[in-house]
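Each chain, written out:
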Amino acid sequence: MTECSASLDNLFHALADPTRRAVIEQLSHGTASVSELAQHHDMALQSFSQHLKVLEDCGLVSTCKVGRVRTCEISADNLAKAEDWISQQKKVWHETFSRLDDYLSDLQNGETQE
C-alpha cells in the first residue's frame with residue numbers, strides 16, 4: 001500500500017464517523033476548545049477525546065495546549081486531498097457514463113457496428 005493510499009484510507013476512516021464529521025463542521029466556523037466541542041456530543045470526555053485523536057492522527061485537526069486549555073483547529077490541506085480524490089473519481093465516472101450514453105444512443109438509432 002502506498003503512503004498516499006494509506007493517508008486517504010485514514011482520512012476516509014476518520015470522516016466515516018458522524019461525531020467526527022460534526023467536529024469538522026464545528027471547526028469550520030473557527031477554532032474551539034476541546035470542552036466547547038465536547039459539549040455538543042452526548043458522551044464522556046474521554047470518548048470524545050478518542051474521536052479527536054483520530055482526527056489529529058489523519059491530519060484533519062491540529063491542537064494547541066496553553067495551560068489547561070487545549071484548542072483545536074481544522075487543517076484544510078488534508079480535506080483538500082479527499083476532495084481531489086473524489087473529484088478524480090467523479091471525472092472518471094462522468095466519462096464512463098458519457099461513453100455508455102453515447103453507445104446506448106447508437107444502439108437505439110441502429111448505428112452500432114458489429
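Whatever comes next refers back to the structure up there.
Presented here is a report on the structure given in the accompanying data block. Only a predicted model underlies this, so the values are computations on that prediction, with no experimental measurement involved.

## Structural notes on the overall build of the protein chain
When you go through the protein chain residue by residue, the secondary structure sums to five helices and three strands. Against the globule reference of 13 Å for 114 residues, the protein chain gives a C-alpha radius of gyration of 21 Å, more extended than a compact globule. Structurally, the protein chain occupies a C-alpha span of about 75 × 30 × 20 Å along its principal axes. The contacts of the protein chain with a sequence gap of at least 6 include a subset with a gap of at least 24, amounting to 50%. Entry remark: accessible area of the protein chain is about 8400 Å², with carbon and sulfur atoms responsible for 51%. If the 10 positive side-chain charges of the protein chain are averaged to one point and the 18 negative ones to another, these points end up 12 Å apart.

## Things to note about the pattern of salt bridges
Taken as a whole and assessed by the stated rule, the structure comprises two salt bridges. Of the charged contacts, one joins aspartate 57 and lysine 53 as a salt bridge, the two residues approaching to 3.1 Å between their closest N and O atoms. In this pair, aspartate 57 and lysine 53 are both assigned in helix H4 (residues 45-57), four residues apart and thus about one turn of the helix distant. Lysine 53 sits in the partly exposed class, given a relative accessible area of 47%.

Quick notes on the rules
- Residues numbered from 1 in each chain as written.
- Predicted model: local features only at pLDDT ≥ 70, side-chain atom pairs only at ≥ 80, totals over all residues.
- Heavy atoms only, no water.
- Helix = DSSP H or I, 4+ residues; strand = E, 2+ residues; numbered from the N terminus.
- Rg over C-alpha atoms; globule rule 2.2 N^0.38 Å.
- Contact = heavy atoms within 4.5 Å.
- Areas by Shrake-Rupley, 256 points an atom, 1.4 Å probe, with all protein chains shown as cover.
- Lys, Arg positive; Asp, Glu negative; His and termini not counted.
- Charge placed at Lys NZ, Arg CZ, Asp CG, Glu CD.
- Salt bridge = Lys/Arg side-chain N within 4 Å of Asp/Glu carboxyl O.
- Buried < 20%, exposed > 50% of the residue type's maximum accessible area, 1.4 Å probe, protein only.

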